[in-house]
Amino acid sequence: MNRRFVPFHFDLNPGSYLGDAEATKWVKKNLPEFSGKSVATPPVVFVTPDGEVVGKVSNYAPTETLIEQMHQVLDANPKFNQLSAAEKKLTNIARAQMLVDLQKYEEAAKTIAGDSSDPAQYLLGHLYRVRGDWELAETFLAKVKDNNLLDDVRMERAYRFWSANDFVGLRESLEDFPTESNRYTEARYFEGLALYHQEQTGQAKKIWNDLIKSSKEDRWIYRADWAHSEAGQTKRRTSFSSSGGGSTPLGRIGYMGSSHPDLKPRQ
């Protein structure tokens with residue numbers, strides 16, 4: 001998302017914590033159905049820099065649907081999908097990482113084909129892990145010897161346990177993960193999932209809560225906060241008010257919408 005889109009969120013109530021008077025004016029003009037005092041949850045709206053609406057997707061849509069809509073928006077508006085001046089100067093490895101982020105996997109692999117360096121071997125391993133080709137991913141990950149990348153390799157390998165629903169193996173693969181690692185929050189989040197799917201909800205929530213309280217906010221902290229707020233609930237809340245106090249470890253009012261995908265029964 002961050003390669004081609006600029007995420008922006010705000011509250012339709014200008015007086016709330018995330019209130020934005022100018023953004024609310026734009027909604028009233030361009031999306032009048034969401035300009036009332038009490039409205040249904042608005043969709044995710046894709047807007048050009050000059051304010052033209054070029055796509056929408058339900059706020060409750062699964063990740064796959066959201067990403068597909070993003071691709072459709074870029075395909076229909078190719079001028080917003082061009083290489084920037086900075087991107088044209090990227091090294092092959094950085095360019096390949098960008099292509100992976102844009103889900104152009106074949107092009108990414110070709111960009112670093114023949115590069116025997118550890119960063120290239122790791123990126124190829126990551127690329128094939130994302131695609132679910134575990135055997136090919138391992139052939140590249142096994143070649144990585146750079147100590148600075150070993151935590152990354154360890155985390156990439158852990159995903160195979162997650163994919164196979166081997167929650168005992170998943171937890172064992174992530175125990176005592178270095179706190180200074182760039183993959184620490186990710187590892188602890190999945191360690192919590194391993195416990196949760198072994199019906200150890202209390203221990204999972206403790207891991208997530210401790211992680212949230214001790215780490216800087218990132219994508220895994222947000223996901224852990226969501227998981228913590230939903231795990232163990234007997235009945236999900238279906239309405240929220242932005243004027244109320246926060247109830248999650250991050251102080252959020254809640255996560256209305258679809259259920260947390262990582263907490264659903266695994267098959």
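Residues numbered from 1 in each chain as written. Predicted model: local features only at pLDDT ≥ 70, side-chain atom pairs only at ≥ 80, totals over all residues. Heavy atoms only, no water.

Trainee: Quick question: what am I supposed to make of the pattern of salt bridges here?
Mentor: Once the charged atoms of two side chains with opposite charge are near each other, the side chains can pair. Inspection of the entire model under this criterion finds 16 salt bridges. When the shortest N-O distance is used, the salt bridge between Glu 135 and Arg 160 registers 2.4 Å. Placement of the pair is Glu 135 in helix 7 (residues 134–141) and Arg 160 in helix 8 (residues 150–163), with a sequence separation of 25 residues. Note on Glu 135: relative accessible area 53%, which makes it exposed. Bridged by salt links that share partners, the residues Arg 129, Asp 152, Glu 156, Arg 183 and Glu 186 form one connected network. (Salt bridge = Lys/Arg side-chain N within 4 Å of Asp/Glu carboxyl O. Helix = DSSP H or I, 4+ residues; strand = E, 2+ residues; numbered from the N terminus. Buried < 20%, exposed > 50% of the residue type's maximum accessible area, 1.4 Å probe, protein only.)

Trainee: What's the story with the environment of Arg 266 in this structure? I'm lost.
Mentor: For Arg 266, the position within the fold is in the segment after helix 12 (219–230). Arg 266 sits in the partly exposed class, given a relative accessible area of 31%. Expressed as a C-alpha distance, the spacing of Arg 266 and Tyr 105, which sit 161 residues apart in the sequence, is 26 Å. Leaving out residues up to four positions away in the same chain, Arg 266 has contacts with Trp 162, Ser 163, Asn 165, Phe 167 and His 197. Polar side-chain contacts of Arg 266 include one of 2.9 Å to the side chain of Asn 165. (Contact = heavy atoms within 4.5 Å. Polar contact = N/O pair within 3.5 Å; in protein donor to acceptor, adjacent residues only side chain to side chain.)

Trainee: Looking at this structure, I do not really get the nonpolar core. What am I missing?
Mentor: Residues Met 155, Leu 174, Tyr 189, Phe 190 and Trp 208 are the most contacted members of the largest nonpolar core, which totals 27 residues. Elements represented by at least two residues in this core include exactly helix 8, helix 9 (167–174), helix 10 (184–196), helix 11 (201–214) and helix 12. It is helix 10 that contributes the most residues to this core, 8 residues altogether. Excluding residues within four positions of it along the chain, Phe 190 makes contact with Met 155, Tyr 159, Trp 162, Leu 170, Leu 174 and Trp 220. Tyr 105, Tyr 128, Ala 137 and Phe 140 belong to the second largest nonpolar core, which has 16 residues in total. (Core = buried A, V, L, I, M, F, W, Y, C linked by side-chain atoms within 4.5 Å.)

Trainee: Explain the pairing of strand 1 (residues 44–47) here, please?
Mentor: Regular strands place their side chains on alternate faces of the sheet. Bridging between strand 1 and strand 2 (residues 53–57) involves 4 bridges; their strand directions are antiparallel. Its bridge partner lying in strand 2, Val 45 is registered against Lys 56. The hairpin turn running from strand 1 into strand 2, its antiparallel successor, is 5 residues long, and Gly 51 in that turn takes a positive phi close to 95°. (Pairing = 2+ DSSP bridges.)

Trainee: Before we go on, may I ask you to explain the side chain of Thr 48 in this structure?
Mentor: Summarising the element assignment, Thr 48 is placed in the loop between strand 1 and strand 2. The exposure class of Thr 48 is buried, given its relative accessible area of 8%. A distance of 2.2 Å separates a polar atom in the side chain of Thr 48 from a polar atom in the side chain of Asp 50.

Trainee: Where do I start with the packing of helix 6 (residues 118–130) against helix 8 in this structure?
Mentor: Between two packed helices, the angle of one axis relative to the other and the distance separating the axes together describe the packing. Where helix 6 meets helix 8, the closest approach of the two axes is 10 Å, and the angle between their N-to-C directions is 20°. By the angle class used here, helix 6 and helix 8 are roughly parallel. Considering the relative orientation of helix 6 and helix 8, their crossing is left-handed. Counted together, Tyr 122, His 126 and Arg 129 of helix 6 and Asp 152, Val 153, Glu 156 and Tyr 159 of helix 8 form the full contact between these two elements. For the contact of helix 6 with helix 8, the residue count by class is 3 nonpolar, 1 polar and 3 charged. (Axes fitted to C-alpha atoms, helices over the stretch in contact; angles between N-to-C directions. Parallel < 35°, antiparallel > 145°, perpendicular 65-115°, else oblique. Left-handed = near helix turned anticlockwise from the far one by under 90°. Nonpolar A, V, L, I, M, F, W, Y, C, P; charged D, E, K, R; others polar.)

Trainee: Is there a simple way to explain the packing of helix 6 against helix 7 in this structure?
Mentor: The N-to-C vectors of helix 6 and helix 7 enclose an angle of 165°; their axes lie 7 Å apart at closest approach. Relative to helix 7, helix 6 is oriented roughly antiparallel. As for how helix 6 packs across helix 7, the hand of that crossing is left-handed. Where helix 6 approaches helix 7, its residues Gln 121, Tyr 122, Leu 124, Gly 125, His 126, Tyr 128 and Arg 129 are matched on the opposing element by Trp 134, Leu 136, Ala 137, Phe 140 and Leu 141. A class-by-class count of the residues in the contact of helix 6 with helix 7 yields 8 nonpolar, 3 polar and 1 charged.

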